[in-house]
Amino acid sequence: MQRAEGRSSLVAPLQKVVGGFFAVFFPSDCRLCETPLVTLSRLPVCPECLDSLERIRFPQCVLCGERLVAAQLLVGDGQCHACRDYPPEFERAVSYGEYAAGLRDLVHLLKYDGLLPAGGPLGELLAQSIADLRLPLDDASLLIVPVPLHSSKRRERRFNQSELIARAAMRHLPAGFELAPHVLVRHRETHSQVGLDREARIQNMRGAFRVIDAERIAGRTVIVVDDVMTTGTTVSECARVLKRAGAATVFAATVARTLKAPVTQDCGNSLQGEQVEALELASV
Ligand SMILES: [Zn+2]
Ligand SMILES: [Zn+2]
């Protein structure tokens, strides 16, 4: 007992020395806030930045999670204009946080810098947003389906960020969820969505996905997952083809979501800076 304690009391300072050694000789700053990191980690992001990733804390559309402006709160059905004009194909969409600040930076680290360990914390956040759906686990038939990339895009990026995040989320979800990354394929590349109104975006997405394993989804509750949701047309199109192929109900969950600026009164088609940027960086 004493010997074990003695050993661990030696190991801890040794780790500190070795960690400090690397921090000195291979200095690295937090990729989000640029504070020098004191320990080596596969993910060069400081704990403070990871702890500061905030949930969405204002009134949201009950269907798609868009921010509701004051005028919409008075209408009473809790839906945004877009959902009322073009009802989404999914039952409900949830997101952990706003696609801004640290959360956006963390998504970028994964997606554009190829820093795969960023998938870990993002998966944990995705699991928390899936929990918000409060789906009953009794029938044990909840399928998690990541939004697929077109094969050429996947080759170029070498990984599908949605699948990577979904795999990480599985470690935080209770039994009863099943990952099904190969039931849906993206067989058509989609054009940039920038500048398109909602109707055009829906048309642009139409026919981009195909179910290749209908047996797997027949009668099941499916949760389509993605890293970022902008207008929801991508996950809505996934929901449409999944339902047509036999899924009973389809929900959507993403790590982050672009939100209209709080001052926006026009809830129709105008895009705010964040959304334009998100569309430019399209999650495809
Ligand atoms: Zn930091
Ligand atoms: Zn909505």
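Residues numbered from 1 in each chain as written. Chains lettered and ligands numbered in written order. Predicted model: local features only at pLDDT ≥ 70, side-chain atom pairs only at ≥ 80, totals over all residues.

Q: How would you explain the overall build of the chain if you had to name every residue and give the values?
A: The helix and strand tally for the chain stands at 12 helices and seven strands. Counting across all 284 residues of the chain, residues that qualify as buried make up 38%. (Helix = DSSP H or I, 4+ residues; strand = E, 2+ residues; numbered from the N terminus. Buried ≥ 20, exposed ≤ 12 C-beta atoms within 10 Å, placed from the backbone.)

Q: Describe in detail the sheet that holds strand β3 (residues 177-179), supporting the description with residues and values.
A: A sheet is described by the order of its strands in space; here five strands give the open sequence β1-β7-β6-β2-β3, paired in parallel fashion. Both edges of this open sheet fall to β1 (93-98) and β3, since each of them pairs with a single strand only. Averaged over all pairs of adjacent strands, the angle between their axes in this sheet comes to 25°, without regard to strand direction. Bridge analysis of strand β2 (residues 142-146) against β3 gives three bridges, and the strand direction is parallel. (Pairing = 2+ DSSP bridges. Axes fitted to C-alpha atoms, helices over the stretch in contact; angles between N-to-C directions.)

Q: Give a detailed account of the nonpolar core, specifying residues and quantitative values.
A: Grouped burial of nonpolar side chains is what soluble globular proteins tend to show. Counting residues in hydrophobic clusters, the biggest one holds 64 residues, and the most contacted among them are Leu122, Leu126, Val224 and Leu242. Both domains that meet at this core, namely domain 1 (1-52) and domain 2 (59-280), each give it at least three residues. Look past the residues within four positions of Val224 in its chain and what remains in contact with it is Phe90, Val145, Val147, Val235, Cys238, Ala239, Val250 and Ala252. (Core = buried A, V, L, I, M, F, W, Y, C linked by C-beta atoms within 7 Å. Domains from an automatic or database assignment. Contact = placed C-beta atoms within 7 Å.)

Q: Residues and numbers for helix α11 (residues 233-244), please.
A: Between the first and last C-alpha of α11 there are 16 Å, a value that for 12 residues agrees with the 16 Å anticipated at 1.5 Å per step. Directly beyond the C-terminal end of α11, a positive phi value near 120° is found at Gly246. (Expected span 1.5 Å × (residues − 1).)

Q: Residues and numbers for the confidence of the model for the chain, please.
A: Keep in mind that low pLDDT regions are not for reading the predicted coordinates in detail. In the predicted model, the chain carries a mean pLDDT of 85, and 82% of its residues have values of at least 70. When the criterion is pLDDT under 50, residues 20-25 qualifies, and its contacts beyond four places in sequence or with other chains add up to five contacts. A low-confidence stretch, residues 264-284 (pLDDT under 50), is modelled with 40 contacts involving residues beyond four sequence positions or located in other chains. (pLDDT = per-residue confidence, 0-100.)

Q: Tell me about the environment of Val38, and please be specific about residues and values.
A: Along the polypeptide, Val38 turns up in the loop between α1 (2-25) and α2 (47-51). For the pair Val38 and Ser28, spaced 10 residues apart in the sequence, the C-alpha separation amounts to 8.5 Å.

Q: An account of the packing of helix α6 (residues 119-131) against helix α8 (residues 161-170) is requested, with residue identities and associated values reported.
A: Across the interface, α6 lies against α8 with an axial gap of 7 Å and an inter-helix angle of 70°. Classed by the angle they form, the pair α6 and α8 counts as roughly perpendicular. For α6 against α8, the interelement crossing comes out right-handed. Contacts between α6 and α8 involve Gly119, Gly120, Leu122, Gly123, Glu124, Leu126, Ala127 and Ile130 from the former and Leu164, Ile165, Ala166, Arg167, Ala168 and Ala169 from the latter. For the contact of α6 with α8, the residue count by class is nine nonpolar, three polar and two charged. (Parallel < 35°, antiparallel > 145°, perpendicular 65-115°, else oblique. Left-handed = near helix turned anticlockwise from the far one by under 90°. Nonpolar A, V, L, I, M, F, W, Y, C, P; charged D, E, K, R; others polar.)

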